[in-house]
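Letter by letter, the chains look like this.
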Amino acid sequence: MEKLLLCGRCKMSFYCSKEHQKQDWKKHKQVCKEAASRQGRATDEGTHNTSANSNHQLPRRHLTRDPVNGQQPEKNQETQGTAGHLLTGAGIRSRSHRGPHGLSGGSQKLVLEYIVPCMNKHGICVVDNFLGEETGDSVLREVRELHRRGRFTDGQVVNQKGDSSRDIRGDQITWIDGKEPGCTQIGILMNNMDDLIRHCNGKLGNYNINGRTKAMVACYPGNGTGYVRHVDNPNGDGRCVTCIYYLNKNWDAQVNGGLLRIFPEDKSQFADIEPKFDRLLFFWSDRRNPHEVQSAFATRYAITVWYFDADERTRAKDKYSTGEKGVKVELTKPSKDNLKEF
């Protein structure tokens, strides 16, 4: 994995070139100053919080694997609203994005200059501060209300052999299309996800994205459950991009666990993604990105949408309808239920 340039002042943001760093300086300089200042205060106070830029070492009872190359995590004070919330291991960084409902006139620029290059290069991309505090809070309130009303059921595993679903995944889920009563803000989130994907379409690999699933709203109840290592789309069911929005305020991975750990194919390093509030994550859904949710010790909310490649989706439906042997495809219902056509 290639080396990225680290901002020497805040030591939080990574860049693929000096030119990229110069381009980002206008946006980065204020948060850089604030981050550097906080780090100085944290040192004076003797704090030992671990930065989200490192491969986290949780307390020993939380660990499932050793950090990349046995490296110890850096120690930093967590920063709010900055653009550097990722590990160094996979050469990926995040970018902060703000605007009404998460989108602004610069959304196309965000897609073309950051999301598309990052996905095509790394297969993983993170955008922080996607909706903004106010709208993110509104989405969180709706999700909590769905949970309070008992709308969640245990997540299931398709075609598992032997182990029960609860041995494999410990989340509770509900499927939402955004039009249900009390789900207006979730619908706004989904529309904003769709807008980004529209700008990306035709530029993400060779995919022709023409639809998506409903939103899977998930909750890990905080009892130490997670989701074992798996691939979202191992058998060519049409899903090409996984998009996850996180809703967890003041999340501390060292205490709460719950990291999403991605193991990019043919890479010796992994990517740890903290499920932080108002964070949006993209990654390829196929075998290039096996991943796991590590044990969560606090209530952990996320909303996931999968986007379909038109050609693969058509082939998957044909295989399913003809009963072709050796093909196991998890198909969603037609567009009126789970598929939204662009």
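Residues numbered from 1 in each chain as written. Predicted model: local features only at pLDDT ≥ 70, side-chain atom pairs only at ≥ 80, totals over all residues. Heavy atoms only, no water.

**Student:** For the nonpolar core, give the residues involved together with the corresponding values.
**Tutor:** Ranked by size, the top nonpolar core spans 44 residues in total, and within it Ile-115 and Phe-282 carry the most contacts. Listing elements by their share of this core, those giving two or more residues are α2 (107-122), β4 (124-128), α3 (133-148), α5 (184-200), β8 (215-220), β10 (239-246), β13 (279-284) and β15 (300-309). Setting aside chain neighbours within four positions, we find Phe-282 in contact with Ile-115, Met-119, Gly-123, Ile-124, Cys-125, Val-127, Leu-196, Ile-197, Val-241, Thr-242 and Cys-243. Ile-124, Phe-283, Val-293 and Ala-296 belong to the second-largest nonpolar core, a separate cluster that totals 16 residues. (Core = buried A, V, L, I, M, F, W, Y, C linked by side-chain atoms within 4.5 Å. Buried < 20%, exposed > 50% of the residue type's maximum accessible area, 1.4 Å probe, protein only. Helix = DSSP H or I, 4+ residues; strand = E, 2+ residues; numbered from the N terminus. Contact = heavy atoms within 4.5 Å.)

**Student:** Break down the sheet that holds strand β14 (residues 291-293) for me, with residues and values.
**Tutor:** The four strands are arranged β9-β14-β11-β12 in an open sheet whose pairing can be described as antiparallel. Strand pairing shows two members of the sheet lacking a second neighbour, β9 (227-230) and β12 (271-273), which therefore form its edges. Geometrically, the sheet is characterised by an average inter-axis angle of 15° between neighbouring strands, direction not taken into account. One ladder, built from three bridges, connects strand β11 (residues 260-262) with β14; its direction is antiparallel. Opposite Leu-260, over in β14, you have Val-293 as the bridge partner. (Pairing = 2+ DSSP bridges. Axes fitted to C-alpha atoms, helices over the stretch in contact; angles between N-to-C directions.)

**Student:** Help me get a handle on the pattern of salt bridges, residues and values and all.
**Tutor:** Inspection of the entire model under this criterion finds 11 salt bridges. Residue Asp-286 pairs with Arg-288 through a salt bridge whose shortest N-O separation is 2.9 Å. Relative accessible area serves as the criterion here: at 19%, Asp-286 is assigned to the buried category. On the basis of relative accessibility, which here comes to 29%, the residue Arg-288 falls in the partly exposed class. One connected set of salt bridges, linked through shared partners, spans Glu-133, Asp-137 and Lys-249. (Salt bridge = Lys/Arg side-chain N within 4 Å of Asp/Glu carboxyl O.)

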